[in-house]
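Spelled out, the chains give:
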Amino acid sequence: MDLSGLQAVLENVSSWIWGPWVLIPLLLGTGLYLTIRLGGIQFLKLGAALRLGLFTRKDPDSDGDISQFQALTTALAATVGTGNIVGVATAIGIGGPGALFWMWVTGLLGMASKYSEAFLGVRFRTTDAAGEKSGGPQYYLERGIKNGFGKFLAIFFAISAVIACFGIGNMTQGNSISANLENSFNVPTWVTGLVLTVFALLVLVGGIKSIGRVTAGLVPVMIIFYVLGAIYILIANIAGVPAAFAQIFSEAFTGTSAVGGFAGSLIIVAVQMGVARGIFSNESGMGSAAIAAAAAKTSHPVRQGLVSMRQTFIDTIIVVTCTGLVIITTGTWNAVDDEGKQISPALMTGEAFSHGLPGEWGHYIVTIGLVLFAGSTILGWSYYGERSLERLVGVKAIMPYRIIFSLVVFVGCTTELGVVWAFSDVMNGLMALPNLIGLLVLSGLVARETKKYLTNDPKLTATTDEVNAFMAGDAGFEDWKTQAVPVVKAR
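What counts, and where the lines are drawn
Residues numbered from 1 in each chain as written. Predicted model: local features only at pLDDT ≥ 70, side-chain atom pairs only at ≥ 80, totals over all residues. Heavy atoms only, no water. Helix = DSSP H or I, 4+ residues; strand = E, 2+ residues; numbered from the N terminus. Contact = heavy atoms within 4.5 Å. pLDDT = per-residue confidence, 0-100. Salt bridge = Lys/Arg side-chain N within 4 Å of Asp/Glu carboxyl O. Buried < 20%, exposed > 50% of the residue type's maximum accessible area, 1.4 Å probe, protein only. 1 Å grid on protein atoms, 1.4 Å probe; cavity = no way out; pocket = protein on both sides within 12 Å on 5 of 7 lines; lining within 4 Å. Points joined across faces, edges and corners; volume = space filled by probe spheres on them. Axes fitted to C-alpha atoms, helices over the stretch in contact; angles between N-to-C directions. Left-handed = near helix turned anticlockwise from the far one by under 90°. Nonpolar A, V, L, I, M, F, W, Y, C, P; charged D, E, K, R; others polar. Parallel < 35°, antiparallel > 145°, perpendicular 65-115°, else oblique. Phe/Tyr/Trp six-rings, centres within 6.5 Å; stacked < 30°, edge-to-face > 60°. Lys NZ or Arg CZ within 6 Å of the ring centre and 35° of its normal. Disulfide = S-S within 2.5 Å.

A. Structural detail: the environment of G324. The residue G324 is located in helix α15 (residues 301–329) in this model. G324 sits 94 residues away from A230 along the chain, and the two C-alpha atoms are 9.7 Å apart. Contacts of G324, omitting those with residues within four sequence positions, involve V88, I92 and L100.

Have a look at this one:
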């Protein structure tokens, strides 16, 4: 069956959704608006948020399923994936080095969006019929926006998330893993598919607590492993780093590209690729990370919102920057192959690391990094799909979903997925639209309740008992404490 026509249609739809007239202004505008309303919270509270997430890690005696750190690593597992390797290369290869600047802008503004959606995920979470916390846009859009429009947005998001999880969070990740292992180590795709399927089954059947334990151990190791390799290359090419930064900043506003074009069009391309690939990488504004945040043991929504905000900082400002600088300093972004064609973005990062490290080390680091990144993404997105499906049909569908999701990994590992990639981009965009609308509508609630909490605990050092004491009588706090108690009946 020839699917090339369908793929072309999906790619056109994706280009419109992620183009300069829909998601790009909505993403940047929402992030900027929330940054202003929250008083630049991502800059003023970053240090306290880093300490809370990395060292405190949890709020003892608080309600929830997993620790704040595990909620963070689960969300990181879903976001630190192929977007940090292939996505960055695609942005720079098409939009030029200036695209990295717009990825930074998307990340910095997106931290306010990520804070807001994580705050709302906890603020409007509930307890399902199995006794587990459930939250995210599929709940806070309906509970926060008290009319039929809110319910429509919530259901629209849930349906989009369930469909998207099988694409961008499953088959495409499995395909990236199997293709790279076959190319680097001659591992047959069916072997990779079988191993990944068994691994997914073993982890996912245990639910969010099992996912949280695995991601808490895996995610820090994989990020450190990859970043250290990049830092080695940057130190070896230290003389070229200042020039790389100068090129990034200058070409963000003048435009240049490996594929050519006139100046005005190249500026637009740099912005479009930087924002589109930035959101693909860190998922700020998509609402997905709010689903993981809702499961956290936390004494107040503000605290988990600040912890989750760090996800975007780690993903974009650290991992994406490392990848981008390696590609630019090694000159790989505009290199050509033996036929005189630009190196494919799928191979660009590997080529950059191979140039920067001795022997085959660079190639192996990127391959192993991609395997770990994509593998962890499968775990994180499985939970997003599960909670969205639970919102639609109830807890009875969860275990069958976990089994089917794991089996579909094998399909992704052994099948060509051009149409699935295009379809996934469309569904990701459709997830973001209702969530961004909801963030704007609920921004007043987020700002008001954030200010109330931070006035009493500016350094995020309060214990659970202290939080309960100074927030006693606050309408929003009492509403949160009671909303999470009732059990949602199985539908």
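B. How the structure looks around the confidence of the model for the chain. A residue-level look at the chain finds 92% of positions with pLDDT of 70 or above and a mean pLDDT of 85. Confidence scores differ between elements of the chain, with helix α13 (residues 263–282) showing the lowest mean pLDDT of 65 and helix α20 (residues 443–456) the highest of 96. Contacts from residues 257–265, a stretch scored under 50 in pLDDT, to residues over four places away or in other chains number 15 contacts. Considering only residues more than four positions removed or in separate chains, one finds that residues 485–491, a stretch of pLDDT under 50, has 19 contacts.

C. Structural context of the pattern of salt bridges. For the structure shown, the criterion picks out nine salt bridges. Between R402 and E386 there is a salt bridge, with the nearest N and O atoms lying 2.8 Å from each other. With R402 in helix α18 (residues 398–413) and E386 in helix α17 (residues 361–393), this pair connects stretches of sequence that are 16 residues apart. Considered together, R402 and E386 belong to a single accessibility category, that of buried residues. Several salt bridges converge on common partners, so that one network encompasses D128, E132, E386, R387 and R402.

D. Focus on empty space enclosed by the protein. For the structure on display, the rule yields two cavities of 30 Å³ or more. A volume near 60 Å³ is recorded for the second largest cavity. L27, T106, G110, S113 and S284 are, among the 11 residues lining the second largest cavity, the residues nearest its centre. Mapped onto the lining of the second largest cavity, the elements with two or more residues apiece are α2 (23–37), α7 (98–123) and α13.

E. Local environment of the packing of helix α5 (residues 68–79) against α15. Contact geometry for α5 and α15: axes closest at 9 Å, N-to-C directions at 35°. Between α5 and α15 the crossing geometry is right-handed. Along the contact surface, α5 presents Q68, A71, L72, A75, L76 and T79, while α15 presents R303, Q304, V307, S308, R310, Q311, I314 and D315. Residues that form the contact of α5 with α15 fall into these classes: six nonpolar, five polar and three charged.

F. Fine view of the packing of α5 against helix α11 (residues 207–236). Where α5 contacts α11, the two axes come as close as 8 Å, and the packing angle between them is 70°. The orientation of α5 relative to α11 falls into the category roughly perpendicular. The handedness of the crossing between α5 and α11 is left-handed. Here F69, Q70, T73, T74, L76 and A77 of α5 lie close against α11, whose contacting residues are I208, I211, G212, R213, T215, A216, V219, P220 and I223. Broken down by class, the residue content of the contact of α5 with α11 amounts to nine nonpolar, five polar and one charged.

G. Region of interest: the packing of aromatic side chains. All told, the structure shown has 17 aromatic pairs when counted by the stated rule. For the pair F166 and Y401, a centre-to-centre distance of 5.9 Å together with 80° between the ring planes defines the contact as edge-to-face. Of this pair, F166 sits in helix α9 (residues 148–185) while Y401 sits in helix α18, and the two are 235 residues apart along the sequence. Given a relative accessible area of 5%, Y401 falls into the buried group. Summarising the aromatic geometry, the rings of F185 and Y364 are spaced 5.4 Å apart at their centres and angled 20° between planes, so their arrangement reads as stacked. Separated by 179 residues along the polypeptide, F185 in helix α9 and Y364 in helix α17 bring together distant segments of the chain. The structure contains a cluster of three or more aromatic residues connected by ring pairs, namely F101, W102, W104, F245, F249 and F253. If you follow R123 out to its NZ or CZ, it ends over the ring of F124, 4.8 Å from the centre.

H. View of the side chain of T30. With respect to the secondary-structure elements, T30 resides in helix α2. Apart from the residues within four sequence positions on either side, T30 is in contact with P25, S113, L436, L439 and L440.

I. The state of the cysteines, seen in detail. A full pass over the atoms with the stated rule returns zero disulfides. Here C165 is not disulfide-linked; the sulfur of C413 is the nearest cysteine sulfur, at 16 Å. With a relative accessible area of 0%, C165 lands in the buried category.

J. Representation of unusual backbone geometry in the model. Notably, N186 is not glycine yet its phi reads approximately 55°, a positive angle. Here N186 shows up in the loop between α9 and α10 (189–204). For N186, a relative accessible area of 65% gives the class exposed. Within the chain, L460 stands out as a residue other than glycine whose phi angle is a positive 60°. Residue class for L460 comes out buried when judged on its relative accessible area of 2%.

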